[in-house]
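Examining the three-dimensional arrangement
If you want the building blocks of each chain, they are given just below.
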Amino acid sequence: MDYFFSTDKLVVGYDGKPLIKDIDIRLNKGQILTLIGPNGSGKSTILKSITKHLKHLHGTVYIDKRSIEDMSSEDMSRQVSVVLTERLKTELMTCEDVVATGRYPYTGLLGILSHHDRLKVKEAMEMVNAWEIRNRDFTQISDGQRQRILLARAICQEPQIIVLDEPTSFLDVRYKLELLSILRKLSEERGITVIMSLHELELAQKVSDLVMCVKGEHIAHFGTPQEIFQRDLIGNLYEVSNGSFNPLFGSFEMDRPMGEPKVFVIAGGGTGITEYRTLQKKRIPFVTGILHENDIDYQLAHDLASQVIAAKSFERISESIYEQALMKMKSCDTVMNCLQNYGELNDENKKLYEAAVAMGLKVVASAEDL
Amino acid sequence: MTDENMKRRMRYGIAMVMLLILFFTLIILNINLGSVSVPIKDIAKTLLGQGIDMTEHDIIWKIRLPRMMAALILGGALALSGFLLQTYFNNPIAGPYVLGISSGSKLVVAIVMVLAISRHYVVSSATIIIAAFIGAMVTMGFVLLVARSVRRSTMLIVSGVMIAYICSAITDFIITFADDASIVNLHNWSLGSFSGTSWEDVRIMAVVVMITSVIVFLMSKQIGAYQLGENYAQNMGVNIKAFRVILVTLSSTLCACVIAFAGPISFVGIAVPHLIKGLLKTSKPLMVIPACFLGGSIFALGCDLIARTAFAPLELSLGSVTAVFGAPIVIGIMMRKKERG
């Protein structure tokens, strides 16, 4: 199969010294590739080599079957546009002026904008919801607006590929989401291929078609988000030893409190999540149950609890599991009951609670009462 | 076409008309005023070749017109050179004078002149231009080396000023030990002045400056891209390496031409581009470049007029006048820069 963008045994680095070797990227038109990896792993180096800001050491980069080495700077400018991390220092330029610089490859000798160029500028600015601020001075706008303007600049250059180096840094959540949804729109509606680096794993997981993990001398992994966002793979990538990556939440959880469990938490249906986190913060080891494996609490308990007493999804809790939970509960000095409603499937939790009261164990309703 | 664009065009038009009015007024005043005042109707007559008074004719044709032309051409060249250097170094107070390029150029010219005079050669304008150009390029190379190793733009300026001091010291040293006869000439020249310009000089400087300025104007588009920084410019399709070489050569040529004919003149290169950008409310090279040239001419014509007439028949040094008007502007730029953070 022919790929729209590919690299073949690409080696990148500075001053002739290879930093990362054997980079093989394969992308179809309109796909979004995200580079993730620890700081200083070389994400920017790869991006700079793709955009020809840095000369790559070996191998080839192909865009639409043409090697970028054979492309003139004008050719490149119509194929690839960039949003860089560096702060743009402008003087007396309005936002519209900045966006209009994207039309550079299409204007004549003196760079005078035609009516068509102006329409393209307007279109790009409307796409990123920035047309209202077109007359503002570029130095006087917020980080989020600035990033939108730079994206509009990249869009109106009408490239096949947009390369973004950590576009979401310095942005608050709202702008992050907005920026990424614009990128998805670009890829779906215009077939623009997007290659970027991101720090936020949860966003990378949601926006990307393909993910590449950069670490060490070689590319650690390359695949779909489902393949990449695995508990151990991500944990190893960032060398996290005091926490764990939760693929379902797309984020890291702090490490579980160590030691003999002191609290038994009866939870389910999401009632346990805040309590688990509070216990973790107070560094109190705990056991929790009885949770069905498809319960949202189960996902977090798995990362934070010393032990989870679990029942199979969609099944009634068996007698033996109940016995196991009861045993465990007896060994703790406190029982925390987060549940207020019980149903047919978790009736055993009610029994557990009643047993705790009957046994005279200390029973609390939340971690704040400990 | 949006309203904002209409407003901008209006502003640009009005600003250009204002500059042109100022420009022509100063041209007339420069011919009109001096130790001998020539009435305007006589100027017209003399220029049309109907003059009766030979003294007036000589004053206008042999002294004031060539001097006025030198101020006009070289003032514009200095302002453009400053604009190019500011763009190149992305630093609002860069200019041929503060970066030491003027002084380096002056040094080489002084060496060439002293050597030539001591051997009784006649130094042609072309030789001096070439000497000045070599001096400018060598100093520029030195400044570029420094710029590579210092990241902060203030340090660049400080090292430029240091380079200027070293070059000036060596120049003074050479002048001190030069032949008696040549000292007076050399000393005057090393202070910077438009006086003593011949029509031959005007012809040469006009050709050099006009060609260079037209090339600069034709590069407006690339310069505009470069204003966003090297990386973005490259992404827009600018051949950065070639562009940098061309920019350095153009600004050195302009600066060298000024040094060769008038000596070092401070502050025009910094003050004028700044004033022009403020007036036009834009930094678009397509608009700034012509206005900058015009502004440089106006600034030089005005300062030369003051130098000649303020305490006539005594003549002030041109450098003092440009400093009086230019230095406060530089301080203003730095204060505003600090305000912004």
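Up top is the structure these notes are about.
Reading guide: rules and limits
Residues numbered from 1 in each chain as written. Chains lettered and ligands numbered in written order. Predicted model: local features only at pLDDT ≥ 70, side-chain atom pairs only at ≥ 80, totals over all residues. Heavy atoms only, no water. Helix = DSSP H or I, 4+ residues; strand = E, 2+ residues; numbered from the N terminus. Rg over C-alpha atoms; globule rule 2.2 N^0.38 Å. Buried < 20%, exposed > 50% of the residue type's maximum accessible area, 1.4 Å probe, protein only. Axes fitted to C-alpha atoms, helices over the stretch in contact; angles between N-to-C directions. Parallel < 35°, antiparallel > 145°, perpendicular 65-115°, else oblique. Left-handed = near helix turned anticlockwise from the far one by under 90°. Contact = heavy atoms within 4.5 Å. Nonpolar A, V, L, I, M, F, W, Y, C, P; charged D, E, K, R; others polar. Phe/Tyr/Trp six-rings, centres within 6.5 Å; stacked < 30°, edge-to-face > 60°. Lys NZ or Arg CZ within 6 Å of the ring centre and 35° of its normal. Buried area = accessible area lost by both parts, 1.4 Å probe. Salt bridge = Lys/Arg side-chain N within 4 Å of Asp/Glu carboxyl O. Polar contact = N/O pair within 3.5 Å; in protein donor to acceptor, adjacent residues only side chain to side chain. Pairing = 2+ DSSP bridges. Core = buried A, V, L, I, M, F, W, Y, C linked by side-chain atoms within 4.5 Å.

**Let's talk about the overall build of chain A**
- When its secondary structure is counted, chain A shows 13 helices and 18 strands.
- Its C-alpha radius of gyration of 27 Å places chain A more than 25% over the 21 Å reference for a compact globule of 370 residues.
- For chain A, the C-alpha atoms occupy an extent of roughly 90 × 45 × 35 Å along the three principal directions.
- In chain A, which comprises 370 residues, the proportion classed as buried is 54%.

**Observations regarding the packing of helix H5 (residues 125-149) of chain B against helix H11 (residues 240-262) of chain B**
All names here are of chain B.
- Contact pair H5 / H11: the axes reach a minimum separation of 8 Å and the direction vectors enclose 130 degrees. Considered as vectors, H5 and H11 are oriented oblique to each other. Where H5 crosses over H11, the two elements pack in a sense that is right-handed. The segment H5 lies against H11, with Ser125, Ile128, Ile129, Ala132, Phe133, Ala136, Met137, Met140 and Leu144 engaging Val248, Thr249, Ser251, Ser252, Thr253, Ala256, Cys257, Ile259, Ala260 and Phe261.
- Class assignment for the residues of the contact of H5 with H11 results in 14 nonpolar, five polar and no charged.

**A short note on the packing of aromatic side chains**
Residue and element names in this part refer to chain A.
- Summed over the entire model, instances satisfying the criterion amount to nine aromatic pairs over all chains.
- On the basis of an interplanar angle of 35 degrees and a centroid distance of 5.9 Å, the ring pair of Phe229 and Phe245 is categorised as tilted. Of the two residues, Phe229 sits in the loop between helix H8 (225-228) and helix H9 (231-237) while Phe245 sits in strand S12 (residues 243-246), which places them 16 residues apart along the sequence. We note that Phe229, like Phe245, is buried.
- Aromatic rings pair up to connect Phe229, Tyr238, Phe245 and Phe252 into one cluster.
- The side chain of Lys29 reaches across the aromatic face of Phe4, ending 4.6 Å from its centre.
- Lying across the ring of Trp131, Arg134 places its NZ or CZ 4.3 Å from the centre.

**Quick look at the interface of chain B and chain A**
- Contact with chain B, which involves 27 residues of that partner, is made by 36 residues of chain A.
- Of the roughly 2900 Å² buried between chain B and chain A, counting both surfaces, carbon and sulfur atoms make up 51%.
- Among the residues chain B hides against chain A, the three largest losses belong to Lys221, Tyr232 and Asn235 of chain B. Together they make up 26% of the total.
- For the salt bridge of Glu91 of chain A with Lys277 of chain B, the shortest nitrogen-to-oxygen distance reads 3.0 Å.
- The tally of links from chain B across to chain A stands at 16 residue pairs in polar contact (both at pLDDT 80 or more).
- Listed by contribution, the elements that provide at least two residues to the side of chain B that touches chain A are helix H1 (3-32), helix H8 (199-218), helix H9 (220-226), helix H10 (230-235) and helix H12 (268-280) of chain B.
- Looking at the side of chain B that touches chain A residue by residue, the class counts come to eight nonpolar, 13 polar and six charged.

**So, the sheet that holds strand S18 (residues 362-364) of chain A**
Residues and elements named next belong to chain A.
- The strand order across the open sheet formed by five strands is S16-S15-S14-S17-S18, and the pairing between neighbours is parallel. Single-partner strands in this sheet number two, and they are strand S16 (307-311) and S18. The sheet shows a mean angle of 20 degrees between the axes of neighbouring strands, direction not considered.
- Relative to strand S15 (residues 286-292), strand S14 (residues 263-266) is paired through four bridges, and the arrangement is parallel. Opposite Val263, over in S15, you have Phe286 as the bridge partner.
- Its contacts with the sheet place helix H11 (residues 296-304) against S15 and S16, and it is angled at close to 150 degrees to S15.

**A look at the nonpolar core**
- Phe5, Ile36, Ile46, Ile149 and Ile195 of chain A are the most contacted members of the largest nonpolar core, which totals 183 residues.
- The element that contributes the greatest number of residues to this core is helix H3 (residues 54-89) of chain B, accounting for 17 residues.
- Membership of the second largest hydrophobic core comes to 19 residues, among which are Val287, Ile309, Cys332 and Val335 of chain A.

Remember that the coordinates give geometry; whether it matters functionally is a separate question.
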